[in-house]
Amino acid sequence: MRPDRLNPLFAETAGLKGVGPQLAKPLEKLGLTRIKDLAYHLPERFVERRAVTDLDSASVGEQIVIALTVREHRGSSTGRGPFRVLAEDAIGNICAITYFGRAAYTARKALPTGAKRWVAGKLEQYGQMLQIVHPDHIAEDSAELIGQLIEPVYPLSDGLTQNRLAALIPQALEQLPELPEWIEPTQLARAKWPAWRDALTLVHRSEHPEARDRIAYDELLANALALMLVKNARRAQTGLPLKGDGSLRDKPNLPFTLTGAQTRAIGEIEGDLAQAAPMLRLLQGDVGSGKTVVALEAMLIAVEAGAQAALLAPTEILARQHHATLMKMARGTGVEIALLTGRDKGRPRESVLMGLLDGSINILVGTHAIFQDAVTYKNLALVVIDEQHRFGVSQRLMLAQKGRRTPHCLAMTATPIPRTLLLATNGEMDVSKLDELPPGRQPIDTRVVAAERIGDVVGALARHLEGGGQAYWVCPMVHENENIDNDLAAAEARFGELRLRFGDDVALVHGQLRPEIKDAAMERFASGGAKLLVATTVIEVGVDVPNATLMIIEQADRFGLAQLHQLRGRVGRGEGRSVCLLLRGSGEGGMGLSDTAKRRLALMRETQDGFRIAEEDLELRGGGELLGTRQSGDTPFRLATLDQIQRLLPIAHEDARLLIERDGGLTGERGEAARLLLYLFERDWGVQLLRGG
Ligand code: ADP
Ligand code: MG
């Protein structure tokens, strides 16, 4: 239950003065539905204006506040072209106040002939004339504008203006309650940070690095505390210590020997499983590094110890593929492996449920369906989560709480997480790393090709397919905030064209297909029935078709580095040499590629090392960027910038660690304050792990 004193912060913005139905929607679009959201809607920059007595003392390009007397209106009320108001300063200089669009009515009303008005805006030169285009403010009284020479500029959405937000945010700030301090006092003093409420007020008034840092720190601390509470909760639970006798582990049908990295990771997992405290380990390994066999070995240890294991996959396709792979590797061991997804119904589902209950099924592979209430295990002792970044907090919570005995947990991810961010995203976990690819992998020949050469690309594709190869064609990703239907339309159009050329050899998958249809297409491609797979990014994760050795990515410059890397990982999986063609668009609005986009493509050509790509990706984005809002959800942060994460995250983690060490139940004075913080940043799942939370 959320503490009462936070209620004003969670009150709806719809209740604020001046918020009507037509404002509610844009507010919601920006995620500003509650008072606290408005308070935390930070300015992206500030405009600083200078109050000047006359135009002679202002320079072109400058943001000014000036008193002007209106002399004349020019332009027809209905006609085309700008509407101009000529106005005079204190010493007789003339300046035009210019409006475009249908603004005549507004202009006449705000600037009646003969009236003296205070005008705030940017001074520009238009031919011989000085002008201010669409002034930011017009006031009758000087105090209004002179008192506010520094003005915040907020991120906006359609239907929401700066002036509207600037009127709403102070209202929200007035409602902020006083809250007790959760930051360690010496840290607060050392960094000269203001108290919470002051900090939130200050950041809306001017650039205030200390206040900004404090707010970012709050967010980092909330996250660190929540992760630490998960870690603690797991430590306090008992799992089943799993000691295998080695009877199964040597038996799998592996057509290869394990890499050093795989052996090391298995050793680390074996060590964890032998403990009563449930394991919580992240296995980080680039695409193709061989995580599946590590998962299998871990699950076999559980089976040797007489327990059950489950493997959770993010999609139906992946679940099926894992099931098939594991069945093949475990043939002859006598280990019973079953599949359960949301699509299994009726008799087959019943029989799986029976087998889990009576223990005849040793390993279950599936989607989230494997955790439904109806699914009861005889003795589930290990859960493996593939592509864990696809799963949210609820799974973490569930894992921390399920059953009397908590299962050990192995999370796997092919997203190489840069060191800086690992603590932020997975700070509650121990980490094993597969930093070595299986031997004999040939580097993927990666080339950047101008989009105009698409004809040549199709020609090369035709030769590749004629030679018995298979290929992927990845369709452009239209801009994030545009309608996803556009992505779909692009994919379908390309599919249509390629089908004209290659006939039934082409299959199509995208996110909006019904699962059965998507799977059927995937299976047709995996079995070689289809030679070319046209796809949106749904093939990103985990698909394994070794015979597909050519990938074409359209408008590759629109993809993030991490995503390109994941996509490219679909080829280069078999013996043959693989090629990846990155079709280069002409940039946003045909303006040419930005340096960053060029650097990204160059890096793709240069290296295949996912960890290096991840680190450089971070570099390329620069310190001031917010990372949490990106498509891939790189970090769980909305306020902290990369630079702040780098500087403040280690401190926040240490602070959180000490606090939990001293007051694990968060019942002391600072502990109580920290609970408020967790609610404030919606990390209340952390609080819920505490008894009486
Ligand atoms: P990922 O880490 O991306 O999940 P997979 O487990 O799918 O990787 O493995 C990729 C491919 O590499 C599979 O075809 C698998 O059989 C093969 N593989 C895994 N380990 C080794 C190894 N030690 N030697 C050779 N091939 C291996
Ligand atoms: Mg995998």
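Residues numbered from 1 in each chain as written. Chains lettered and ligands numbered in written order. Predicted model: local features only at pLDDT ≥ 70, side-chain atom pairs only at ≥ 80, totals over all residues. Heavy atoms only, no water.

S.K.: Just give me the short version of the site of ligand 1, but keep the residues and values in it.
M.R.: Close contacts around ligand 1 come from 16 residues, with Thr257, Gly288, Lys291, Thr292 and Arg441 the closest. Taking Gln262, its side chain carries an N or O atom lying 2.9 Å from a nitrogen atom of ligand 1. At 3.4 Å, a backbone N or O of Ser289 approaches an oxygen atom of ligand 1. Considering ligand 1 on its own, with 560 Å² of exposed area, one finds that the protein chains cover 79% of that surface. Residue composition of the shell around ligand 1, grouped by class: four nonpolar, seven polar and five charged. (Near = heavy atom within 4 Å. Polar contact = N/O pair within 3.5 Å; in protein donor to acceptor, adjacent residues only side chain to side chain. Areas by Shrake-Rupley, 256 points an atom, 1.4 Å probe, with all protein chains shown as cover. Nonpolar A, V, L, I, M, F, W, Y, C, P; charged D, E, K, R; others polar.)

S.K.: Pulling in residues and values, what's your account of the nonpolar core?
M.R.: Residues Leu38, Trp182, Trp196 and Leu225 are the most contacted members of the largest nonpolar core, which totals 96 residues. Looking at this core element by element, the count peaks at 15 residues for helix H9 (residues 209-236). In this structure, this core is formed jointly by two domains, domain 1 (1-44 + 155-171) and domain 3 (260-434), each of which donates at least three residues. Sequence-distant contacts of Leu225, that is, excluding residues within four places in its chain, are made with Ala656, Leu659, Ile660, Ala674, Leu677 and Leu678. Formed by 39 residues, the second largest nonpolar core is a distinct cluster that contains Val293, Ala295, Leu300 and Ala307. (Core = buried A, V, L, I, M, F, W, Y, C linked by side-chain atoms within 4.5 Å. Buried < 20%, exposed > 50% of the residue type's maximum accessible area, 1.4 Å probe, protein only. Helix = DSSP H or I, 4+ residues; strand = E, 2+ residues; numbered from the N terminus. Domains from an automatic or database assignment. Contact = heavy atoms within 4.5 Å.)

S.K.: Give me the state of the cysteines: which residues, what numbers.
M.R.: All chains considered together, the criterion is met by zero disulfides. Between Cys475, a free cysteine, and Cys580, which holds the nearest cysteine sulfur, the sulfur-to-sulfur gap is 14 Å. By relative accessible area, Cys475 is classed as buried at 2%. (Disulfide = S-S within 2.5 Å.)

S.K.: Before we move on, can you summarise the pattern of salt bridges with the specific residues and values?
M.R.: Considering all chains together, one arrives at 38 salt bridges under this definition. Glu151 is the partner of Arg49 in a salt bridge, and the nearest nitrogen-oxygen pair spans 2.6 Å. Taken together, the residues Arg49 in the loop between strand E1 (45-48) and strand E2 (50-51) and Glu151 in strand E9 (residues 150-153) connect sequence positions 102 residues apart. Neither residue differs from the other here; Arg49 and Glu151 are each classed as buried. A single salt-bridge network, built from bridges that share partners, covers Arg34, Lys36, Asp37 and Glu682. (Salt bridge = Lys/Arg side-chain N within 4 Å of Asp/Glu carboxyl O.)

S.K.: Would you mind going over the sheet that holds strand E10 (residues 280-285) in detail, with residue names and values included?
M.R.: The sheet built from seven strands is open, its strands ordered E12-E13-E11-E14-E15-E10-E16 with parallel pairing. The open sheet terminates on both sides in strands that have one partner only, identified here as strand E12 (337-340) and strand E16 (430-434). Averaged over all adjacent pairs, the angle separating strand axes in this sheet is 20°, with direction ignored. Note: E12 against strand E13 (residues 363-366), four bridges, orientation parallel. Counted as the bridge partner of Leu339 is Val365 from E13. (Pairing = 2+ DSSP bridges. Axes fitted to C-alpha atoms, helices over the stretch in contact; angles between N-to-C directions.)

S.K.: Let's hear about the sheet that holds strand E18 (residues 470-474): which residues, and what values?
M.R.: Spatially, six strands are ordered E17-E22-E21-E18-E20-E19 in an open sheet, and the strand pairing comes out parallel. Where the open sheet ends on each side, the last strands, each with one partner, are strand E17 (445-450) and strand E19 (506-509). Going from strand to strand, the sheet's axes swing by 20° on average, the running direction of each strand aside. Two elements, E17 and strand E22 (residues 579-584), share six bridges in a ladder whose sense is parallel. Bridge pairing links Arg447 to Leu581 in E22. Contacts from helix H16 (residues 454-466) reach E17, E18, strand E20 (532-535), strand E21 (548-553) and E22 within the one sheet, and its direction differs from that of E18 by about 150°.

S.K.: Now, about the confidence of the model for the protein: what can you tell me, with residues and values included?
M.R.: For the protein, the mean per-residue pLDDT works out to 88, and 91% of the residues sit at or above 70. The model gives residues 629-633 a pLDDT under 50, and that stretch makes nine contacts with residues more than four places away or in other chains. (pLDDT = per-residue confidence, 0-100.)

S.K.: A description of empty space enclosed by the protein should follow, citing residues and the corresponding values.
M.R.: In the structure shown here, the tally under the stated rule is two cavities of 30 Å³ or more. Taken as a whole, the largest cavity spans an internal volume of roughly 170 Å³. As for the largest cavity, its lining consists of 14 residues, of which Val287, Leu437, Ile444, Val571 and Gln608 are closest to the centre. Taken together, the residues of the lining of the largest cavity sort by class into four nonpolar, six polar and four charged. Counting the residues that make up the lining of the largest cavity, at least three belong to each of domain 3 (260-434) and domain 4 (445-607). (1 Å grid on protein atoms, 1.4 Å probe; cavity = no way out; pocket = protein on both sides within 12 Å on 5 of 7 lines; lining within 4 Å. Points joined across faces, edges and corners; volume = space filled by probe spheres on them.)

S.K.: Residue-level account of the side chain of Asn223, with values.
M.R.: Structurally, the position occupied by Asn223 is in helix H9. Non-local contacts of Asn223, meaning those with residues more than four positions away in its chain, are made with Ala424, Pro636, Phe637 and Arg683.

S.K.: Describe in detail the packing of helix H15 (residues 419-426) against helix H22 (residues 642-662), supporting the description with residues and values.
M.R.: At a minimum axis separation of 10 Å, H15 and H22 run at an interaxial angle of 45°. When the interaxial angle is binned, H15 and H22 end up oblique. At the point where H15 passes H22, the crossing takes the left-handed sense. In this structure, H15 contributes Thr420, Leu421, Leu423 and Ala424 to the contact, and H22 contributes Ile645, Gln646, Leu649 and His653. Here the residues of the contact of H15 with H22 are counted per class, giving five nonpolar, three polar and no charged. (Parallel < 35°, antiparallel > 145°, perpendicular 65-115°, else oblique. Left-handed = near helix turned anticlockwise from the far one by under 90°.)

S.K.: Describe the side chain of Lys36, and please don't skip the residues or the numbers.
M.R.: Mapped onto the elements of the fold, Lys36 is located in helix H3 (residues 35-39). Residue Lys36 is classed as buried on the basis of its relative accessible area of 3%. Setting aside its immediate chain neighbours within four residues, Lys36 contacts Leu9, Phe10, Leu680 and Glu682.

S.K.: I'd like a rundown of helix H19 (residues 561-568), residues and numbers included.
M.R.: Of all eight residues that make up H19, seven are buried, and the element is covered over most of its length. Along H19, the residues classified as buried are Leu561, Gln563, Leu564, His565, Gln566, Leu567 and Arg568. Next to the buried residues of H19 lie E17, E18, E21, E22, helix H20 (595-606) and helix H21 (610-621).

S.K.: I'd like to hear about the pairing of strand E3 (residues 63-74), residue by residue, with values.
M.R.: Summarising the sheet, E2 and E3 pair through two bridges and their orientation is parallel. From the neighbouring strand, Arg50 faces E3, where its bridge partner is Ile64. In this structure, E3 lies alongside strand E6 (residues 116-126), joined through seven bridges in antiparallel fashion. Looking across to E6, one finds that Leu68 is bridged to Arg117. Note that E3 and strand E4 (residues 83-88) share five bridges and pair antiparallel. If you follow Glu72 over to E4, its bridge partner there is Leu86.

S.K.: Quick rundown of the environment of Ala451? Include the residues and the values.
M.R.: You can see Ala451 is positioned in the loop between E17 and H16. With a relative accessible area of 31%, Ala451 lands in the partly exposed category. Ala451 sits 444 residues away from Asn7 along the chain, and the two C-alpha atoms are 54 Å apart.

S.K.: How would you sum up the packing of H19 against H21? Please name residues and give values.
M.R.: The contact between H19 and H21 brings their axes to 9 Å, and the two run at 160°. Judged by the inter-axis angle, H19 sits roughly antiparallel to H21. Judged by the twist between their axes, the crossing of H19 over H21 is right-handed. Contacts between H19 and H21 pair Leu561, Ala562, His565 and Arg568 from the former with Gly610, Ile613, Asp617 and Leu620 from the latter. Looking at the contact of H19 with H21, its residues break down into four nonpolar, two polar and two charged.

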